[in-house]
Amino acid sequence: MQQPLLKQPPQFGALNDALLTTVKLSAALLLLINTNYAQAELKISGFGRLIGGISQHDNPYVQEYGNDATFKAHSLIALQADWQFSDQWSLTSQLIGRLNDKEDSGLEWLYLSYRPNASTHVKFGQLRTPFFNYSDVLDVGYAYHWLVPPTEVYASHIFRHYDGISIIKSFDHNQATTSVEAYIGSFKGAVVQDNQLNDLDFDYLGGFSVATTINNLTIRAALNAGELASSQPRDKPSLDQLRQLFASKSRESIIDDTNFNGSFTFSQLGFSYDNFDYFIKGEWTRFDHDFDLTATTTSIYLSAGYQYNDVLLHITHGRRRDKLSNMPNELPTTAEFATLRHVYQSLIDDRVSNNSYSMTLGMRWDFSVNMAFKVDLTRINYQRQTPMPATNDSVLVMGLEWVF
Amino acid sequence: MTHLRYITLTFALLFWPIAIFAQHLSEEDILVVTSVQSADLSLLQIKKTYLGMNSSGLANKHAVTLPHGNKTRQLFHVKVIGLSEARVRTFWAQMQFSGRGKSPVELPTVALVIEYLITHPNSIGYLPATTLLPQQLKVIYPVHLY
């Protein structure tokens with residue numbers, strides 16, 4: 001009997017649509033039944049980014065900027081609507097239009113928010129995946145000091161939102177305020193990995209995080225885990241035929257090696273120390289998984305800044321270390337397997353490893369209320385990388401950030 | 001003569017705290033105020049309210065602020081929040097667009113802040129120390145510039 005080539009489609013998959021539908025229906029219901037509808041408070045706000053950049057070399061595997069200057073990579077405009085129905089209930093939606101056609105425009109957030117008391121916050125709907133310190137405001141460049149958060153940590157292939165539920169509980173203890181968040185949900189959509197679009201489908205994902213603030217110091221730790229049902233690069237042929245070929249040759253162990261499904265964990269530690277005119281902050285992340293064709297990643301950045309009037313000068317060091325699993329080509333060297341062996345070997349050789357470290361010098365000038373001009377100059381060293389050779393590169397990015 | 005001495009002494013005992021308070025308040029000092037119906041807040045709780053930190057002791061509290069460029073606002077950010085004006089605005093953008101909290105309600109004048117605080121008992125605000133406070137409001141934290 002032939003082995004199944006891929007895991008069964010996720011039974012959890014309908015969760016996405018069901019949750020969004022539930023949120024939309026609930027919102028409509030709230031609007032209809034709320035006796036204070038006329039008093040429901042609607043607040044419209046938004047943000048924008050106009051960012052241009054250029055790099056010394058074209059290196060499509062690791063960054064969005066090349067020899068030709070472009071404004072496409074990170075420029076966007078967004079509108080956020082917050083409806084406050086009562087002290088406890090509100091609905092938030094965020095629409096984003098991006099110049100980058102490799103990333104989705106449209107609905108970024110849509111969630112119902114319930115605050116039964118001051119220390120509890122429950123959200124249902126399409127939410128930001130809380131992987132990083134700045135996950136919630138990744139598109140709001142005005143809310144942080146860089147133009148582009150360190151790519152070693154804030155890798156583009158980390159999907160940014162999920163459909164599910166999140167519960168945040170806060171505790172006070174003397175000088176400390178601690179916030180604990182737990183979430184569960186699913187994700188189905190496209191992400192950019194190594195400058196290529198990948199369609200991902202997760203059975204489920206979930207996690208929790210703890211953030212404690214004591215005076216000017218905030219420390220955050222997070223652990224996320226999930227089960228990937230499938231991943232398929234859009235511009236590459238499916239490996240299904242190859243797997244069928246392996247199956248016909250009774251090489252089931254190799255099928256497992258070429259599958260893009262299984263579990264993953266994403267761990268994060270972060271800190272931030274904010275004083276009157278300076279700050280120091282950093283994050284460490286680790287991405288572990290079962291996928292042999294993709295590297296596991298450990299990343300870190302440290303950043304410090306000094307504010308003088310409306311000008312902020314900052315420096316950031318980022319580092320990323322990828323590790324590819326040992327994947328020997330165990331196919332026989334006989335003539336029968338020659339072609340298959342060659343194809344399999346090319347799969348092994350084409351695996352991408354993005355070891356790098358970088359140094360960024362940046363300036364932010366808040367020249368007007370709710371507007372800032374920024375410049376970042378990054379020097380990157382790609383230490384050991386397949387299939388690209390080791391190289392150095394410099395990237396200059398500048399642009400405007402605003403909120404309204 | 002004895003009566004006059006007693007009257008003087010009584011006045012001195014009754015009003016010396018006000019006299020000292022008035023002596024230490026300058027035009028550049030600030031009063032953090034709220035409705036008389038609201039509970040008092042510590043300096044830390046005031047800071048948390050303005051930075052939108054979730055806190056179990058701040059049920060539905062929200063902050064009111066004066067506009068950008070206002071001198072009292074600048075002093076409040078330095079002395080109470082402990083961050084420069086530009087970085088406070090960065091924090092507020094994080095609050096607004098992360099869903100973690102609401103940025104403070106910004107009102108253009110001191111008179112409108114007073115009116116808002118009276119009509120929204122769960123709000124807190126700050127005013128120049130020379131402001132004549134209506135009886136519906138109370139000082140929860142005086143901020144001295146020096």
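That block above? That's the structure.
Being a predicted model, the structure only gives us computed values, none of them experimental.

Caption draft 1: Just the overall build of chain B, in detail. Scanning chain B for helices and strands turns up five helices and five strands. The proportion of buried residues among the 146 residues of chain B is 47%. Expressed as a percentage of contacts within chain B between residues at least 6 apart in sequence, the contacts between residues at least 24 apart total 70%. Split by element, the accessible area of chain B, about 7,500 Å² in all, is 63% carbon and sulfur.

Caption draft 2: Quick look at helix H3 (residues 71-81) of chain B. Residue and element names in this part refer to chain B. Among the residues making up H3, those that are buried are Thr72, Arg73, Leu75, Phe76, His77, Val80 and Ile81. Sitting at the head of H3, Asn70 places a side-chain oxygen 2.8 Å from the backbone nitrogen of Thr72. Gly82 sits one or two residues past H3 and shows a positive phi near 80°.

Caption draft 3: Molecular detail of the packing of aromatic side chains. All names here are of chain A. For the structure on display, the rule yields 25 aromatic pairs over all chains. Pairing Phe131 with Phe132 gives two aromatic rings, centres 6.2 Å apart and planes at 75°, and the pair type is edge-to-face. Judged on exposure class, the residue Phe131 and its partner Phe132 are both buried. Between Tyr154 and Tyr301, the aromatic rings sit 6.4 Å apart at their centres with planes inclined by 40°, giving tilted as the arrangement. Pair noted here: Tyr154 is in the loop between strand E5 (120-128) and strand E6 (161-173) and Tyr301 is in strand E13 (residues 296-308), with a separation of 147 residues, a long-range link. Tyr301 carries the same exposure label as Tyr154, and that label is buried. Directly above the aromatic system of Phe279 lies the positively charged group of Lys281, at a separation of 4.7 Å from the ring centroid. Taking NZ or CZ as reference, Arg364 lies 4.6 Å from the ring centre of Tyr142, over its face.

Caption draft 4: Layout of the interface of chain B and chain A. With 31 residues of chain B in contact, the opposing surface of chain A contributes 47 residues. Carbon and sulfur atoms supply 50% of the area buried between chain B and chain A, which totals about 2,900 Å² over both sides. Note that Arg100(B) and Asp136(A) form a salt bridge whose closest N and O atoms lie 3.9 Å from each other. Across the contact surface, chain B and chain A share 17 residue pairs in polar contact (both at pLDDT 80 or more). Counting residues per element, the ones that place at least two in the side of chain B that touches chain A are helix H2 (43-51) and helix H4 (85-98) of chain B. Looking at the side of chain B that touches chain A element by element, the count peaks at ten residues for H4(B). Tallied by class, residues from the side of chain B that touches chain A come to ten nonpolar, 15 polar and six charged.

Caption draft 5: Examining the side chain of Ser135(A) more closely. Here Ser135(A) lies in the loop between E5 and E6. Once residues within four sequence positions are removed from consideration, Ser135(A) is found in contact with Arg128(A), Thr129(A) and Pro130(A).

Caption draft 6: Region of the structure containing the environment of Val137(A). Mapping Val137(A) onto the fold places it in the loop between E5 and E6. A C-alpha to C-alpha distance of 21 Å links Val137(A) and Ser368(A), two positions 231 residues apart in sequence. Not counting residues within four places of it along the chain, the set of residues in contact with Val137(A) comprises Ala143(A), Tyr144(A), Gln94(B), Phe97(B) and Ser98(B).

Caption draft 7: View of the sheet that holds strand E4 (residues 123-128) of chain B. All names here are of chain B. Taken together, five strands build an open sheet; the order of strands is E3-E2-E4-E1-E5 and the sheet is mixed. The open sheet is flanked by strand E3 (105-106) and strand E5 (137-143), the only strands paired with a single partner. By the bridge criterion, six bridges tie strand E1 (residues 30-35) to E5 in an arrangement that is antiparallel. Directly across from Ser35, in E5, lies its bridge partner Leu137. Most of the contacts of H3 go to E4, to which it runs at about 115°, and overall it touches E1, strand E2 (62-65), E3, E4 and E5.

Caption draft 8: The arrangement of a nonpolar patch on the surface in detail. All names here are of chain A. Together, Leu42, Ile44, Ile77, Leu79, Leu95, Leu107 and Phe404 give the surface a local cluster of nonpolar side chains, amounting to about 650 Å² of exposed area. Looking at the nonpolar patch, the elements with two or more residues in it are strand E1 (41-55) and strand E2 (76-84). Mapping Leu107 onto the fold places it in strand E4 (residues 106-117). On the accessibility criterion, Leu107 (33% relative accessible area) is partly exposed.

Parameters at a glance
- Residues numbered from 1 in each chain as written.
- Chains lettered and ligands numbered in written order.
- Predicted model: local features only at pLDDT ≥ 70, side-chain atom pairs only at ≥ 80, totals over all residues.
- Heavy atoms only, no water.
- Helix = DSSP H or I, 4+ residues; strand = E, 2+ residues; numbered from the N terminus.
- Buried < 20%, exposed > 50% of the residue type's maximum accessible area, 1.4 Å probe, protein only.
- Contact = heavy atoms within 4.5 Å.
- Areas by Shrake-Rupley, 256 points an atom, 1.4 Å probe, with all protein chains shown as cover.
- Polar contact = N/O pair within 3.5 Å; in protein donor to acceptor, adjacent residues only side chain to side chain.
- Phe/Tyr/Trp six-rings, centres within 6.5 Å; stacked < 30°, edge-to-face > 60°.
- Lys NZ or Arg CZ within 6 Å of the ring centre and 35° of its normal.
- Buried area = accessible area lost by both parts, 1.4 Å probe.
- Salt bridge = Lys/Arg side-chain N within 4 Å of Asp/Glu carboxyl O.
- Nonpolar A, V, L, I, M, F, W, Y, C, P; charged D, E, K, R; others polar.
- Pairing = 2+ DSSP bridges.
- Axes fitted to C-alpha atoms, helices over the stretch in contact; angles between N-to-C directions.
- Patch = residues over 30% accessible without salt bridge, like charges linked within 9 Å, V, L, I, M, F, W, Y side chains within 5 Å.

Purely spatial values, then, with no claim about function.
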